[in-house]
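# Residue-level structural notes
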Amino acid sequence: MNAAVIVFPGSNRERDVAAALARASGKAPAFVWHTETELPAGTDLVVLPGGFSYGDYLRCGAIAARSPAMDAVRAHAARGGLVLGICNGFQILVESGLLPGILTRNADLRFVCRQQHLKVERADTAFTRAYQPGQVIEVCIAHGEGNYFADPETVARLEGDGRVAFRYCDADGVVGGRANPNGSVNDIAGVYSEQRNVLGLMPHPENLIDAAIGGTDGAPLFAGLAQAA
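Read on for an overview of the structure. (Residues numbered from 1 in each chain as written. Predicted model: local features only at pLDDT ≥ 70, side-chain atom pairs only at ≥ 80, totals over all residues. Heavy atoms only, no water.)

### Considering the pattern of salt bridges
- The full count for this structure, using the stated rule, is seven salt bridges.
- The partner of Arg 59 in a salt bridge is Glu 95, with the nearest N and O atoms 2.9 Å apart. Here Arg 59, found in the loop between β3 (45-48) and α2 (68-78), pairs with Glu 95, found in helix α3 (residues 88-95); they are 36 residues apart in sequence, far enough to count as distant.
- A residue is classified by how much of its surface remains accessible, and Arg 59, at 47% relative accessible area, is partly exposed. (Salt bridge = Lys/Arg side-chain N within 4 Å of Asp/Glu carboxyl O. Helix = DSSP H or I, 4+ residues; strand = E, 2+ residues; numbered from the N terminus. Buried < 20%, exposed > 50% of the residue type's maximum accessible area, 1.4 Å probe, protein only.)

Below you can see the structure in the form of structure tokens.
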């Protein structure tokens with residue numbers, strides 16, 4: 001798999017996601033600085049990592065979405081190429097128009113950093129092919145503006161088209177209530193584009209790929225991408 005990780009000023013999870021990609025595919029990804037206008041030749045997957053791009057000024061992801069590299073990312077997605085945005089990367093994807101909705105302040109106005117259970121909504125995409133439908137996984141979250149919101153018509157379309165990727169749940173798979181860490185509408189933790197080749201999610205699967213550091217439930221996401229590519 002030929003992967004490219006876009007690095008913005010303020011990104012801080014690019015090496016974590018690079019390690020996850022290398023472990024899954026056996027090949028280290030390329031790092032692409034945000035001022036570059038082209039992706040490396042033969043890129044299969046683009047990843048927008050977590051962090052605080054441009055210090056989260058204006059709105060989280062708003063400035064990064066207008067970086068030169070994002071034109072190349074949009075073109076890659078339009079060709080059917082795979083794009084994954086994690087946490088701040090999700091914020092950049094919605095600000096760039098690659099995904100619908102917005103990410104707002106957490107409902108309790110507090111930064112949250114902990115392990116979190118998710119329910120896998122479907123397992124027939126490049127991102128989830130190594131999971132089972134309805135499977136409960138445990139990954140990490142670390143965000144202050146992860147409250148996903150969209151207008152009712154958009155939410156209905158996402159639900160009707162099967163474009164909700166993951167939902168926040170508890171260890172037993174019960175969705176909602178206290179299991180929702182940020183107030184996201186319909187407990188949404190991640191969404192797909194119309195063609196399901198772009199995924200944005202707030203949790204960090206790259207932080208749980210090794211049993212020695214807490215778990216491996218994030219590893220199948222990267223394994224599935226390697227297989228798909």
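### Some details on the sheet that holds strand β7 (residues 136-143)
- What the nine strands build is an open sheet, ordered β2-β1-β3-β4-β11-β10-β9-β6-β7; its pairing is mixed. One side of each edge strand has no neighbouring strand; the edge strands of this open sheet are β2 (30-33) and β7. With strand direction ignored, the average angle separating the axes of adjacent strands in the sheet is 25°.
- With four bridges connecting them, strand β4 (residues 82-86) and strand β11 (residues 198-201) associate as parallel partners. Residue pairing in the sheet places Val 83 in a bridge with Val 198 of β11.
- Packed on one face of the sheet, helix α1 (residues 14-25) meets β1 (3-7), β2, β3 and β4 and runs near 175° to β1. (Pairing = 2+ DSSP bridges. Axes fitted to C-alpha atoms, helices over the stretch in contact; angles between N-to-C directions. Contact = heavy atoms within 4.5 Å.)

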